[in-house]
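Architecture at a glance
Here's the letter readout for the chains.
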Amino acid sequence: MEEIANLIDIETGAIIVDNEEEIVRLDNKANQIRNEFAKLSKHKLLGQSMQELLQVELYILDDTEEPKYKLYVYGKARDAVEKICTRTIDAFINEKHYTFHNDHNQLEREFSHVIGKGLNESIDECEFWCSKADRSISLYGLRTYLFYIIKFDKNRLNSDINFNGKRHPFLDDLRIQWEIEFGKFFNMHKKINYNELFRRASAQEHFLYYFQDDLNALSAIKYENEINRGSIIALEMKREDCFEEIVNNYNISLMLSSSIKITPENYKKIRKLLEIAHDELSLLMNEQGEVFAIGKIGEHPNRDYYKISFKNFLEWKFYKNGEEYLHFSNMLPLFPEMKLGIQQKDINKLVKTFGDSHLFELKEIIYGAINQSHGTMVVFSENAEEEADRLAISGIRIHPTIMNKELVEALTSIDGALICDEKGRCYAIGIILDGEASDIGEPSRGARFNSALRYRNQQKNNEKKTFIVVVSEDKYIDCISTEVD
């Protein structure tokens, strides 16, 4: 009983330190959220970027203009998060924001806003989503605010989930919806409808806000037992029904004598027209949802434009200015498919690690690994020969050999990594990497990736330049360098 009492703050009734049960509960909840986020992409990009879920409890000890308070953070990153939250709330109180928002009953929203902002401005490599606070009264009669915070790998979010070469705007819409929705359901036994949350987030794009339901309906309607594979194009018009803008931006093949509005009573008529809108032709629609012609976008449009391309039953893609923005399947939005293979950002990372004097040879090895039918790993290191000797017991040591794509594809058919130097010479195959046991790693990723991460950090501590290519079974690539975080 005395041990339990030492874990309880007698002033607030809060648990002072993390206990095993609390950590397990947060980990289980984090995995539930990852599984929901996994719905958004084939490669589970958002879930893989999620590092952990933290819980924050804020107790107001006195109801004054500058109240005393106590703050508790539960989770693996508790120390860093607790310091930042305390600093942020102190500033919030000292600058008199507390008094104003307390008088207007806005503290649940504002506490969440300032904590999220403080964390995101303080830790560059991470991104934090902070739920709207739940306000309650503690067993000791104190006003209490409870938050949940998701910690993400910011670099992965910004590099893996893109639109038009930049961070995908849907991420910010999704964050806002998650923060609001999660704030309503602090009872862990209640279930959040994530499907509806995702749909609301996608509807922040104004075209989808107006037409998403209609497009889902059109994607489900067959014509003479054939699935819809037509397309629709719409300009973002600034002046209603401006003939000059239509002429400048469209190549019109056929003009309807009267427009047809996309409404339930006209779905069958629109679906019939979509049989014509295959290949190069599309239905042309204005922003009022009226189909007025058949044609295609001009060569040099001077306005933003949208295209809907129907792919299968309840499946369609939404494009902005010719680039895929979201992919809808069974009425749920999905991120565009990852471009498989090594990307320019990875090449830049490779050049920063070793320079470009042997870039051709190293790329040949990487392309051979990508062609492997199952996951694999290639390690390039300036101390490759030493490491091949040290790790030989776990794999097969070979005479130094210059690799080509075909040979790499054959050698990576067995488990384990290739060990190569910065010039593309291979010293060992089928190697199982080691690394110092630590808290470094991402639970949502596979054993191969986490093994590479530990090995990279060991090499970095030994000041040995290393670049590791991890190829997953679905051909997604992670490139990890000692020189670039």
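Attention here is on the structure that accompanies the text.

Here is what the cut-offs are and how they apply
Just so you know, the residues in each chain are numbered from 1, in the order the chain's sequence is written. Thresholds applied to this predicted model are a pLDDT of at least 70 for local features of residues and 80 or more for the giving and counting of side-chain atom pairs; totals over whole chains, interfaces and linings are not thresholded and use all residues. Each side-chain value is derived from all of the structure's non-hydrogen atoms; neither hydrogens nor water enter the calculation. Two strands are said to pair when DSSP picks up at least two bridges between them. Note on conventions: DSSP H or I runs of at least 4 residues are helices, E runs of at least 2 residues are strands, and numbering of each starts at the N terminus. Think of each axis as a best-fit line through the C-alpha atoms, taken over the contacting stretch in the case of a helix, with angles from 0 to 180 degrees between the N-to-C directions. When a residue's accessible area, from a 1.4 Å probe over protein chains only, is under 20% of the maximum for its type it is buried; when over 50% it is exposed; and in between it is partly exposed. The contact criterion used throughout is that any non-hydrogen atoms of two residues lie within 4.5 Å. Throughout this description, the term salt bridge denotes a Lys or Arg side-chain nitrogen within 4 Å of a carboxyl oxygen of Asp or Glu. In a helix, the anticipated span is given by 1.5 Å times the number of residues less one. The term bend refers to the angle at a residue between two fitted axes, each drawn through seven residues, those ending there and those starting there. Definition of a polar contact: a pair of N or O atoms within 3.5 Å, with one able to donate and the other able to accept a hydrogen when the atoms are protein atoms, and with sequence-neighbouring residues admitted only if both atoms are side-chain atoms. Helix crossings get a hand from a simple test, with the near helix turned counterclockwise from the far one by less than a right angle marking a left-handed crossing and a clockwise turn marking a right-handed one. Only Asp, Glu, Lys and Arg are considered charged, only Ala, Val, Leu, Ile, Met, Phe, Trp, Tyr, Cys and Pro nonpolar, and every remaining residue, Gly among them, polar. Ring geometry is summarised as follows: Phe, Tyr and Trp rings, the Trp one being its six-membered ring, pair when their centres sit within 6.5 Å, and such pairs are stacked at plane angles under 30 degrees, edge-to-face over 60 and tilted between the two. For a Lys NZ or an Arg CZ to count as sitting over a ring, it must be within 6 Å of the ring centre and within 35 degrees of the ring normal.

Considerations on the sheet that holds strand β13 (residues 315-320)
Pairing within the open sheet is mixed, and its eight strands lie in the order β9-β11-β10-β8-β12-β13-β14-β15. The sheet terminates laterally at β9 (250-261) and β15 (332-334), the two strands that pair on one side only. Neighbour-to-neighbour, the strand axes of this sheet turn through a mean angle of 25 degrees, independent of strand direction. Examined bridge by bridge, strand β14 (residues 323-329) and β15 share three bridges and lie antiparallel to one another. Each residue of the ladder has a partner; that of Phe 328, found in β15, is Pro 333.

Focus on the side chain of Asp 346
Along the chain, Asp 346 turns up in helix α13 (residues 344-354). Given the relative accessible area of 3%, Asp 346 is considered buried. When neighbours within four sequence positions are excluded, Asp 346 is seen to be in contact with Phe 467 and Cys 479.

Here's the deal with the pattern of salt bridges
Enumeration according to the criterion identifies 20 salt bridges in this entry. Here Lys 76 ties to Asp 27 by a salt bridge, and the two come within 2.9 Å at their closest N and O atoms. Taken together, the residues span a long stretch of sequence, with Lys 76 in the loop between β2 (69-74) and α4 (78-94) and Asp 27 in helix α2 (residues 20-37) at a distance of 49 residues. Judged by its relative accessible area of 57%, Lys 76 is exposed. A salt bridge links Arg 271 to Glu 275; the nearest nitrogen and oxygen atoms lie 2.9 Å apart. A relative accessible area of 1% means that Arg 271 is categorised as buried. On the basis of relative accessible area, Glu 275 is assigned to the partly exposed category, the value being 25%. Because the salt bridges share partners, they merge into one network encompassing Glu 127, Arg 167 and Asp 172.

Remarks on helix α10 (residues 206-220)
Over its 15 residues, α10 runs 22 Å from end to end, which matches the ideal 21 Å to within 8%, given 1.5 Å per residue. The largest bend along α10 measures about 55 degrees and falls at Gln 212. Of the positions making up α10, those classed as buried are Phe 207, Leu 208, Phe 211, Gln 212, Asp 214, Leu 215, Asn 216, Leu 218 and Ser 219. Two to three positions downstream of the cap, the backbone nitrogen of Phe 207 sits 3.0 Å from a side-chain oxygen, assigning the N-cap of α10 to Glu 205.

Considerations on the packing of α10 against helix α12 (residues 267-274)
In a pair of packed helices, the angle between the axes and the distance between the axes together describe the arrangement. Remark: α10 packs on α12, axes separated minimally by 10 Å, with the N-to-C direction vectors making an angle of 65 degrees. Here the hand of the crossing between α10 and α12 comes out right-handed. Facing Asp 213, Asp 214, Ala 217 and Leu 218 of α10, the residues of α12 in contact are Tyr 267, Ile 270 and Arg 271. Here the residues of the contact of α10 with α12 sort into four nonpolar, no polar and three charged.

What to know about the packing of aromatic side chains
Any aromatic ring pair is given by two values, namely how distant the centres are and how the planes are angled relative to each other. Using the criterion set out here, one finds 24 aromatic pairs in the structure. A centroid spacing of 5.6 Å and a plane angle of 80 degrees characterise the contact between Tyr 59 and Tyr 72, whose relative ring orientation is edge-to-face. Here Tyr 72 lies in strand β2 and Tyr 59 lies in strand β1 (residues 50-60), a separation of 13 residues in the sequence. Across the pair, exposure class does not vary: Tyr 59 and Tyr 72 are buried alike. Ring centres 6.4 Å apart and planes at 50 degrees place the aromatic pair Trp 129 and Trp 178 in the tilted group. Taken together, the positions of Trp 129 in strand β3 (residues 126-130) and Trp 178 in helix α8 (residues 169-182) put the pair 49 residues apart, joining distant regions of the chain. Here Trp 129 and Trp 178 have matching classes, each one buried. Taken together through their ring pairs, the aromatic side chains of Phe 37, Trp 129, Tyr 148, Phe 152, Trp 178, Phe 182, Tyr 194 and Phe 198 make up a single cluster. One Lys or Arg, Lys 320, reaches over the ring of Tyr 325 and ends 4.9 Å from the middle of that ring.

With respect to the sheet that holds strand β16 (residues 376-381)
Judged by pairing direction, the sheet is mixed, and its six strands sit side by side in the order β17-β19-β18-β16-β20-β21 without closing on themselves. The open sheet has two free edges, formed respectively by β17 (396-402) and β21 (477-481), since each of these has just one partner strand. Neighbour-to-neighbour, the strand axes of this sheet turn through a mean angle of 20 degrees, independent of strand direction. Looking at chain direction, strand β18 (residues 417-420) and strand β19 (residues 425-431) are connected through three bridges and run antiparallel. Counted as the bridge partner of Cys 420 is Cys 426 from β19. Along the sheet, helix α14 (residues 359-370) contacts β16, β18, β20 (466-471) and β21; its crossing angle with β16, the most-contacted strand, is approximately 165 degrees. Contacts from helix α17 (residues 447-461) reach β16, β20 and β21, with the element oriented near 180 degrees to β20.

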